[in-house]
Amino acid sequence: MNILFQNLRVTDLKEDFITFPLYIISRPFKGFSDLKYENRGKLYFAITMMVLMCLFNICDETYRGFVLTGYYMKNKIINTPYIIVMTIAPAILFIVSNWCVTAVTDGNGAMKQILMVYAYASYPRLFLNIIGLILSNLVTAEEAAFSIFFYSFGMVAFLFYLFVGLIVIHEYSFTKALLMVVLTVGAMCIIVFVLALFMALSNEVITFFSIVFKELTMRL
Amino acid sequence: MKSKAAWGLHKKIIFCIIINLVFTVFIVQDSFASVEITSYTYYRYGGDSDDYYPVPAPCPYNYVGSIYAEDLNVDNLRKLTSLCVSDDYVYISSGNKIIITDHNFETQHVIDSIVDNNGQRQDLTDISGLWVTDDGELYACEPNKGRILQFTKEWKLERILGRPDGLIISENVSYQPLKVAVDSVGRIYVVANNIYEGLVEINPDGTFSRYFGKVEIKYAPVQLFWRMIQTQAQRARSAEWLPVNFSNITIDKDDFVYATVAGSNEDKPIRKLNAKGNNILRYPASTDIAPQGDLYINRYGLTVPTGKSILTAIDINDYGIYIVLDSKRSRVFAYDDDGYMLYAFGESGTTKGRLQMPVDVKFMGDDKLLIADRGNMSIEVYELNEYGRHIHNAVKYQAQSDYRAAAEEWKKVVDYNPSFQYAYVGIGKALYRDGDHDKAQQYFLLGQDVDYYSKAFRKTRQEFISDNFSLFAIIVVAIVMGIAVCKTVRYIKFKNQVEA
């Protein structure tokens with residue numbers, strides 16, 4: 001308990017949540033190498049970012065303006081667990097498959113670092129998306145492009161920072177990094193396929209055992 | 001004792017009467033229930049193109065009755081193919097006969113043979129399409145003999161339009177006109193079998209004018225890829241890609257041709273063709289979905305067929321409501337001039353008011369609808385009820401730009417059917433014109449119309465800003481002054497430090 005309090009006392013929230021992420025935005029190569037070599041990146045920042053992204057996606061689904069969504073419902077039903085899973089699952093999928101690929105192609109990044117890169121790269125996207133969400137409630141159909149611009153710019157920024165961050169932490173050259181991206185996408189597809197296969201097969205196994213169990217209980 | 005027995009008898013009689021009454025009430029209700037026709041409108045619940053859900057709606061038409069062959073004094077209606085309605089008469093083509101009745105279905109005349117130019121009597125073969133001009137001239141397609149027959153107002157043969165001179169098709173393809181429509185200056189538009197270049201437009205003098213309104217070929221990228229890597233010899237041997245042809249045509253009062261395409265993967269199966277032959281049918285820009293019959297399709301249906309609607313008949317009335325027939329699921333869809341769906345009704349079945357194999361649909365007068373049902377061998381007659389009348393009136397007033405009167409009608413429509421989205425848009429339009437932008441915005445939101453919502457929102461936003469302009473100005477001035485004060489204070493402190 002004491003250690004926790006000590007940790008809390010030494011954490012510099014301004015440094016972790018404002019200064020360093022902004023530093024990464026302004027100088028991505030220097031910033032990500034600081035993250036790797038000088039331990040400036042924090043794991044709790046990454047986890048907080050994940051939570052914030054889940055929260056944002058829920059708000060996005062709930063409050064996005066009618067002009068952008070094109071449909072309106074007075075009592076909209078939002079599937080919160082689904083949104084949370086759909087935010088976190090792609091991140092985990094990406095991190096795991098990237099780690100798998102880079103582990104066999106001489107990448108130097110640890111899984112923790114990949115997670116942090118993902119989180120720091122989604123920092124600008126979160127703010128751009130929030131601006132887009134607010135604007136979506138203030139624009140007309142002709143001005144909807146302003147709002148959409150912030151959403152898509154956020155996505156582009158995310159991909160850019162993610163790419164730069166991965167180059168830095170894995171210590172790759174540009175061409176090798178491109179190959180790594182392709183392989184990562186391939187690995188993601190394979191993982192999804194295997195998971196789907198596993199689910200389908202385990203479903204049959206479970207059904208089989210449940211039928212055996214039923215049969216036994218009927219005979220007893 | 002006697003009186004008691006009599007009282008018992010009375011009791012029995014009264015009991016019987018009551019039972020009878022109860023039963024008759026039930027039976028009457030039951031017979032009403034059997035004529036009830038399913039009807040629905042679509043409700044949008046998501047941003048995607050297939051996020052539509054059919055919501056039950058009151059049926060806009062009441063079933064009046066079926067007209068069978070015996071009512072028309074003919075043998076049978078087994079080969080019913082098409083209907084046509086003029087101001088005075090109804091024309092029915094059934095096999096080798098054209099039956100002409102008045103609007104009460106009293107048979108006036110039957111055409112079953114013609115006397116050709118050589119003075120010889122010929123029996124008609126199967127007639128597939130009919131058209132009546134405003135002057136009362138009747139055109140009939142006879143595909144087996146490759147000709148269109150034109151009759152005068154007195155139903156005497158006027159001329160025979162055979163294969164038009166100058167028609168450019170290969171010699172071994174026979175010319176088989178299936179459907180015909182004639183505009184106000186006498187140009188004849190023909191849907192012909194095996195002709196994929198579009199409609200055949202024939203000059204009033206019977207010569208070929210041009211092909212009109214082509215249907216594009218639909219193919220998948222994969223097909224195109226395989227076609228690309230094929231050799232000439234393979235290409236020659238593989239099946240030709242042909243577009244789906246038009247299935248039916250009609251002409252509105254402004255001489256625009258409306259045509260339906262009975263393709264299974266057609267995005268825009270209803271075409272409104274301008275003089276150049278381009279499709280100019282309007283549809284709501286905010287949803288970007290063209291009128292196409294059913295939007296919600298059961299993909300794994302057991303009792304109801306799956307897949308998109310197949311539209312085989314179309315008719316349009318004076319104020320722009322057009323009605324199309326989905327022969328796949330025996331349903332009728334109505335749209336207004338802007339492409340908003342007004343109602344859908346009908347289902348297949350053998351009970352009263354249901355359809356088995358509908359082939360044609362036509363408006364009769366202002367309040368009747370006729371559906372030719374070949375499976376049932378009858379003409380089904382429907383009459384617009386209160387609800388349907390309000391919808392039609394509202395659209396009529398909108399076509400006349402009388403939005404206030406239209407809004408009153410839409411309000412009544414909403415009373416019947418609160419889930420009818422387009423009605424809210426109609427009310428909103430009137431409010432918007434009256435300057436009540438705030439309320440209009442709410443109605444457009446209910447009607448889920450992005451474009452009109454944006455228009456109203458732009459106005460309310462403007463009003464909000466101009467109402468609160470002083471507040472904004474004060475906030476801006478306060479911020480600027482705050483910054484200035486901060487800077488001066490810092491400057492003074494800094495100066496003091498330097499001096500010290």
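Residues numbered from 1 in each chain as written. Chains lettered and ligands numbered in written order. Predicted model: local features only at pLDDT ≥ 70, side-chain atom pairs only at ≥ 80, totals over all residues. Heavy atoms only, no water.

## Re the overall build of chain A
Let me state the cut-off plainly: Here a helix means four or more residues in a row that DSSP labels H or I, a strand means two or more in a row labelled E, and each is numbered from the N terminus. We compute the radius of gyration over the C-alpha atoms and compare it with the globule rule, which gives 2.2 Å times the number of residues raised to the power 0.38.
Helix and strand counts for chain A stand at 9 helices and 0 strands. Listed by position from the N terminus, the elements making up chain A come as α-α-α-α-α-α-α-α-α. Taking 220 residues into account, the globule formula puts the C-alpha radius of gyration at 17 Å, and chain A, at 22 Å, lies well above it. When its C-alpha atoms are laid out on the principal axes, chain A stretches across 70 × 50 × 50 Å.

## Observations concerning the overall build of chain B
What counts here: Under the scheme applied here, a residue whose accessible area is under 20% of the maximum for its type counts as buried, over 50% as exposed, and between as partly exposed, the area being computed with a 1.4 Å probe on protein chains only. We call two residues contacting when some pair of their heavy atoms lies within 4.5 Å. With residues, only the protein chains shown are counted as cover, and all accessible areas are computed by Shrake-Rupley using a 1.4 Å probe. Here Asp and Glu are counted as negative and Lys and Arg as positive; His is not counted, and neither are the chain ends. Positions of charges follow a simple convention, taking NZ of Lys, CZ of Arg, CG of Asp or CD of Glu.
Scanning chain B from N- to C-terminus turns up 9 helices and 27 strands. The globule rule puts the C-alpha radius of gyration for 500 residues at 23 Å, and the 31 Å found for chain B is more than 25% above it. Principal axes of the C-alpha set define a box for chain B whose edges measure 130 × 105 × 45 Å. Looking at chain B residue by residue over its 500 residues, the buried ones come to 46%. Across chain B, contacts joining residues at least 24 apart in sequence account for 46% of those joining residues at least 6 apart. Counting only carbon and sulfur atoms, one obtains 54% of the accessible surface of chain B, whose full area is about 26500 Å². Of note, chain B has its 55 positive side-chain charges centred 7 Å away from the centre of its 63 negative side-chain charges.

## Quick notes on the interface of chain B and chain A
Applicable threshold: Salt bridges are identified by distance alone: a Lys or Arg side-chain nitrogen within 4 Å of an Asp or Glu carboxyl oxygen. Under this definition, polar contacts are N or O atom pairs within 3.5 Å; protein pairs additionally need one hydrogen-donor-capable and one acceptor-capable atom, and for neighbouring residues in sequence, both atoms have to be side-chain atoms.
Each partner contributes residues to the interface: chain B has 16 residues there, and chain A has 14 residues. For Glu143 of chain A, the salt bridge identified is with Arg461 of chain B, shortest N-O distance 3.0 Å. Between the two partners, chain B and chain A, sit 6 residue pairs in polar contact (both at pLDDT 80 or more). Going through the elements one at a time, β1 (39-44), α7 (437-447) and α8 (450-467) of chain B are the ones with two or more residues in the side of chain B that touches chain A.

## Observations regarding the packing of aromatic side chains
All names here are of chain A. What counts is decided by this rule: Two aromatic rings, drawn from Phe, Tyr or Trp (for Trp, its six-membered ring), form a pair once their centres lie within 6.5 Å of each other, and the interplanar angle then sorts them: stacked below 30 degrees, edge-to-face above 60, tilted otherwise.
Scanning all chains against the criterion turns up 38 aromatic pairs over all chains. Arranged with centres 5.9 Å apart and planes meeting at 40°, the rings of Phe94 and Tyr118 form a pair that is tilted. Taken as a pair, Phe94 in helix α6 (residues 80-104) and Tyr118 in helix α7 (residues 111-136) lie far apart in primary sequence, 24 residues in all. Across the pair, exposure class does not vary: Phe94 and Tyr118 are buried alike.

## Overview of the sheet that holds strand β15 (residues 188-193) of chain B
Hydrogen bonds along the backbone pair up the strands of a sheet, which may run parallel or antiparallel. Residue and element names in this part refer to chain B. As a reminder of what qualifies: Should DSSP find at least two bridges between two strands, the strands are regarded as paired. Note on geometry: axes are C-alpha line fits, over the in-contact stretch for helices, and angles between N-to-C directions span 0 to 180 degrees.
Within the open sheet, the 4 strands sit side by side as β14-β15-β16-β17. Their pairing is antiparallel. Either end of the sheet is taken by a strand with one partner, and the two such strands are β14 (176-182) and β17 (208-212). Here the strands of the sheet are splayed against their neighbours by 30° on average, with no regard to which way each runs. Here β14 runs beside β15; their pairing, made up of 6 bridges, is antiparallel. Among the inter-strand pairings, Val180 is bridged to a residue of β15, identified as Val190.

## Here's the deal with the confidence of the model for chain B
Defined as follows: What pLDDT expresses is the predictor's confidence in each residue, scored from 0 to 100.
When pLDDT is averaged along chain B, the result is 86, and 93% of the positions lie at 70 or above. Confidence over residues 25-34 of chain B falls short of pLDDT 50; this stretch has 1 contact with residues more than four positions distant or in other chains.

## Comments concerning the pairing of strand β13 (residues 157-161) of chain B
All names here are of chain B. The pairing of strand β12 (residues 147-151) with β13 spans 4 bridges and is classified as antiparallel. Note on β13: the bridge partner recorded for Ile148 is Leu161. Here β12 folds back onto β13 in antiparallel fashion, the turn holding 5 residues, of which Trp155 has a positive phi close to 65°.

## Concerning the environment of Gln292 of chain B
All names here are of chain B. On the secondary structure map, Gln292 appears in the loop between β20 (270-273) and β21 (311-316). By relative accessible area, Gln292 is classed as buried at 13%. Each C-alpha atom of the pair Gln292 and Asn96 lies 33 Å from the other, and the pair is 196 residues apart in sequence. Excluding residues that lie within four positions of it along the chain, Gln292 makes contacts with Asp267, Pro269, Lys308, Ser309, Leu311 and Tyr335. Separated by 3.5 Å, the side chains of Gln292 and Lys308 make a polar contact.

## Let's talk about the pattern of salt bridges
Here the structure, examined in full by the defined rule, presents 26 salt bridges over all chains. A salt bridge links Glu215 of chain A to Arg219 of chain A; the shortest N-O distance between them is 3.4 Å. One end of the pair, Glu215 of chain A, and the other, Arg219 of chain A, are both in helix α9 (residues 174-219), 4 residues apart, so they sit about a helical turn from each other. A salt bridge links Glu347 of chain B to Arg354 of chain B; the shortest N-O distance between them is 3.5 Å. Taking relative accessible area as the criterion, Arg354 of chain B reaches 29% and is therefore assigned partly exposed. Salt bridges sharing common partners tie together Glu15, Lys30, Asp34 and Arg40 of chain A.

## Description of the nonpolar core
Condition: For the purposes of this section, nonpolar cores are sets of buried Ala, Val, Leu, Ile, Met, Phe, Trp, Tyr and Cys residues that join through side-chain atoms within 4.5 Å.
Counting 89 residues, the largest nonpolar core has Leu342 and Trp410 of chain B as the members making the most contacts within it. When residues in this core are grouped by element, the largest group, 12 residues, is from helix α8 (residues 144-170) of chain A. When residues no more than four places from it in sequence are discounted, the contact partners of Trp410 of chain B are Leu342, Ala394, Val395, Gln398, Phe420, Tyr422, Ala423, Gly426 and Ile427 of chain B. Ranked by size, the runner-up nonpolar core spans 30 residues in total, among them Trp131, Ala181, Val190 and Phe246 of chain B.

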